[in-house]
Amino acid sequence: MMRVLQVTPEKTLICFTDPGADASLCGMAATSASGTNAVRYGTMRENVINLEVVLADGRIMYTAGQQRRFRKTSAGYNLTNLFVGSEGTLGIITKTTLRLYGIPEAMVSAVCSFPTVKAATDCTVQILQCGIPIARIEFLDDVMMDAFNKYSKLSYTVSSTLFLEFHGTEKGVEEQIEAAEEIVKMNSGSEFAWAKDQETRNKLWQARHSAWYAARALYPGYEGYSTDVCVPLSKLPEIIVATKEDLVRSNLAGPIVGHVGDGNFHCLMFVNPESEDEGRRMKEFTDRLARRALAMHGTCTGEHGIGVGKRHLLTEEIGAVGMQVMREIKAALDPKDIMNPGKVV
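Residues numbered from 1 in each chain as written. Predicted model: local features only at pLDDT ≥ 70, side-chain atom pairs only at ≥ 80, totals over all residues. Heavy atoms only, no water.

1. Details of the overall build of the protein chain
(1) Moving on: Each helix and strand counted, the protein chain has 13 helices and 13 strands in total.
(2) Moving on: Rg of the C-alpha trace for the protein chain: 21 Å, near the compact-globule value of 20 Å for 345 residues, within the 12% margin.
(3) Moving on: Counting over 345 residues, the protein chain shows a buried share of 48%.
(4) Moving on: Within the protein chain, contacts between residues separated by at least 24 positions form 69% of all contacts whose residues are at least 6 apart in sequence. (Helix = DSSP H or I, 4+ residues; strand = E, 2+ residues; numbered from the N terminus. Rg over C-alpha atoms; globule rule 2.2 N^0.38 Å. Buried < 20%, exposed > 50% of the residue type's maximum accessible area, 1.4 Å probe, protein only. Contact = heavy atoms within 4.5 Å.)

Encoded structure:
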């Protein structure tokens with residue numbers, strides 16, 4: 001959820017990092033959370049300026065110095081980014097200093113559908129390559145759109161779809177929309193369905209944030225599993241098309257959704273808890289997906305983190321020397337291994 005700070009009656013600031021859950025700010029820093037606005041405003045990694053951290057031995061550290069909140073620095077090691085995304089394995093984050101933004105003069109959301117997965121993802125790449133400063137651009141496949149319509153009582157076309165949002169001045173937003181509409185038409189996209197007032201926009205993005213619950217409702221009694229990867233933007237159409245084909249070929253149930261402006265997407269899979277075969281096929285699929293992303297110079301996780309389940313993939317991604325350095329950092333800061341033990345490294 002986005003945080004709004006009323007500084008004065010005339011001045012309001014906002015933290016645009018929007019993971020879609022009622023998460024704590026320090027937890028968001030620990031996981032390097034991002035979400036739908038990251039394409040324009042960055043993830044927590046780009047928006048954290050300073051952290052207060054309790055180390056394993058009880059000492060309190062300020063990663064950029066106590067009460068410091070500068071725009072840039074070249075002083076010493078970047079301790080802040082060491083702890084952002086560390087998943088609680090190096091210390092407990094108790095305070096965070098964030099970069100905030102003014103609320104844009106104009107915010108407009110839109111929805112458009114496409115005949116194929118490739119058309120929707122090609123459109124995404126072209127919008128970004130043209131330098132349109134899109135604030136949000138989310139991909140949802142046909143399975144996800146069917147789930148949305150049923151769960152949130154919507155009536156969108158059941159096909160590959162983009163949810164978009166534009167921020168800026170009134171004139172600037174008009175120019176962004178005009179340029180984006182032209183690219184959508186070039187890729188056989190539909191006319192935009194608009195969400196201009198705040199109530200309609202909130203309903204649209206609340207539906208997007210309910211993706212997990214909407215997908216679960218399609219498969220009652222099944223166990224859910226979510227995985228994600230992230231690739232260079234130029235590789236996005238190729239990997240999503242290949243992943244969709246792999247899901248069908250593997251006979252696995254579930255939709256694909258993505259923060260595609262970042263090259264990041266998620267597969268939400270649902271398996272029969274009594275079927276060992278389905279569990280095995282799901283595990284094999286997730287490993288293939290991660291290795292497909294690595295082969296395209298991407299990462300095995302853009303948002304979800306390593307935890308336990310992707311430790312073997314982190315080794316493949318970072319390499320033996322990188323893993324050894326990570327283990328040495330962990331041993332130096334947490335020699336007794338009491339901080340979220342058994343995770344990441």
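So that's the structure; there's more coming.
2. Looking at the sheet that holds strand E3 (residues 48-54)
Each strand in a sheet pairs with another by means of backbone hydrogen bonds, the pair being arranged parallel or else antiparallel.
(1) Moving on: Across the sheet, which stays open at both edges, the three strands sit in the order E4-E3-E5 with antiparallel pairing between neighbours. Of all strands in the sheet, those bounded by a partner on one side alone are strand E4 (60-62) and strand E5 (92-98). On average, each strand axis in the sheet is tilted by 15° relative to the strand beside it, whichever way the strands run.
(2) Moving on: Here three bridges tie E3 to E4, and the two strands are oriented antiparallel to one another. Pairing of Val54 across the sheet is with Ile60, part of E4. (Pairing = 2+ DSSP bridges. Axes fitted to C-alpha atoms, helices over the stretch in contact; angles between N-to-C directions.)

3. Thoughts on the sheet that holds strand E12 (residues 256-259)
(1) Moving on: One open sheet holds the seven strands; their spatial order is E10-E7-E9-E8-E12-E13-E11, and the pairing between them is antiparallel. The two strands at the open ends of the sheet, each matched to only one other strand, are strand E10 (193-195) and strand E11 (223-230). For this sheet, the mean inter-axis angle between neighbouring strands, taken without regard to orientation, is 20°.
(2) Moving on: Sheet analysis places strand E7 (residues 106-114) next to strand E9 (residues 160-168), joined by nine bridges and oriented antiparallel. Within E9, the residue paired with Met107 across the bridge is His167.
(3) Moving on: Running at roughly 170° to strand E13 (residues 264-271), helix H11 (residues 276-295) makes contact with E11 and E13 of the sheet.

4. A closer look at unusual backbone geometry
(1) Moving on: Although it is not a glycine, His297 adopts a positive phi angle of roughly 70°.
(2) Moving on: Within the secondary structure layout, His297 lies in the loop between H11 and helix H12 (311-318).
(3) Moving on: Judged by its relative accessible area of 67%, His297 is exposed.
(4) Moving on: Unusually for a residue other than glycine, Asn340 sits at a positive phi of about 45°.

5. Some words on the packing of helix H5 (residues 117-129) against helix H10 (residues 236-249)
(1) Moving on: Contact geometry of H5 with H10 gives a least axis separation of 9 Å together with a crossing angle of 155°. Compared by their axis directions, H5 and H10 come out roughly antiparallel. Crossing handedness for the pair H5 and H10: right-handed. Contacts between H5 and H10 involve Val117, Lys118, Thr121, Asp122, Thr124 and Val125 from the first element and Leu236, Pro237, Ile240, Val241 and Lys244 from the second. (Parallel < 35°, antiparallel > 145°, perpendicular 65-115°, else oblique. Left-handed = near helix turned anticlockwise from the far one by under 90°.)

6. Regarding the pattern of salt bridges
(1) Moving on: Tallied over the full model, the rule gives 20 salt bridges.
(2) Moving on: Between Arg201 and Glu165 there is a salt bridge; the shortest N-O distance is 3.8 Å. Residue Arg201 is located in helix H8 (residues 198-209), and its partner Glu165 is located in strand E9; the two are separated by 36 residues in the primary sequence. In terms of burial, Arg201 and Glu165 fall into one category: buried.
(3) Moving on: For Asp246, the salt bridge identified is with Arg288, shortest N-O distance 2.9 Å. Separated by 42 residues along the polypeptide, Asp246 in helix H10 and Arg288 in helix H11 bring together distant segments of the chain.
(4) Moving on: Owing to a relative accessible area of 1%, Asp246 belongs among the buried residues under this scheme. (Salt bridge = Lys/Arg side-chain N within 4 Å of Asp/Glu carboxyl O.)

7. Some words on the packing of H5 against helix H7 (residues 170-186)
The geometry of a pair of packed helices is captured by two quantities: the angle between their axes and the separation between those axes.
(1) Moving on: In the contact formed by H5 and H7, the axes pass within 9 Å of each other and the chain directions differ by 145°. Crossing of H5 against H7: the hand is right-handed. Contact with H5, carried on its side by Cys123, Gln126 and Ile127, involves Ala180, Ile183, Val184 and Met186 of H7 and no other residues of that element.
(2) Moving on: Residues of the contact of H5 with H7, tallied by class, amount to six nonpolar, one polar and no charged. (Nonpolar A, V, L, I, M, F, W, Y, C, P; charged D, E, K, R; others polar.)

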